[in-house]
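As a plain string of letters, each chain reads:
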Amino acid sequence: MKKYVCGVCVYEYDPAKGDPDNGVAPGTAFEDLPADWSCPVCGASKDQFEAQA
């Protein structure tokens, strides 16, 4: 699974780790995150993230 990086603060969402502090289990693909999920560091929306090459 691809990792995604926040274009605002460069937080990296790693699907293997998920975002357990915000209720996202490890193994959750970025595409499967809830529509209202936001960057846990700066609060940017999902559309501010870009897939890493």
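Each value, and the rule that gives it
- Residues numbered from 1 in each chain as written.
- Predicted model: local features only at pLDDT ≥ 70, side-chain atom pairs only at ≥ 80, totals over all residues.
- Heavy atoms only, no water.
- UniProt positions renumbered as here; feature names shortened; annotations may be inferred.
- Phe/Tyr/Trp six-rings, centres within 6.5 Å; stacked < 30°, edge-to-face > 60°.
- Helix = DSSP H or I, 4+ residues; strand = E, 2+ residues; numbered from the N terminus.
- Buried < 20%, exposed > 50% of the residue type's maximum accessible area, 1.4 Å probe, protein only.
- Lys NZ or Arg CZ within 6 Å of the ring centre and 35° of its normal.

The name recorded for the chain in an unreviewed UniProt entry is Rubredoxin, from Desulfarculus baarsii. Quoted straight from UniProt, the Function (unreviewed entry) entry for the chain says "Rubredoxin is a small nonheme, iron protein lacking acid-labile sulfide. Its single Fe, chelated to 4 Cys, functions as an electron acceptor and may also stabilize the conformation of the molecule."

Engineer: Would you take a moment to explain the packing of aromatic side chains for this structure?
Structural biologist: Any aromatic ring pair is given by two values, namely how distant the centres are and how the planes are angled relative to each other. Under the counting rule described, the total for this entry stands at 7 aromatic pairs. Taking the centre distance of 4.1 Å and the plane angle of 10° together, the rings of Y4 and F30 count as stacked. Taken together, the positions of Y4 in strand β1 (residues 4–6) and F30 in the loop between β2 (12–13) and β3 (49–51) put the pair 26 residues apart, joining distant regions of the chain. The pair formed by Y4 and F30 is uniform in burial state, with each residue classed as buried. Consider the rings of Y13 and W37, whose centres lie 5.5 Å apart with planes at 65°: the pair is edge-to-face. A residue pair is termed long-range when its members are at least 10 positions apart, and Y13 in strand β2 and W37 in the loop between β2 and β3 qualify at 24 residues. This pair shows no difference in class: Y13 is buried, exactly as W37 is. Over the face of the ring belonging to F30 we find K46, whose NZ or CZ atom lies 5.4 Å from the ring centre.

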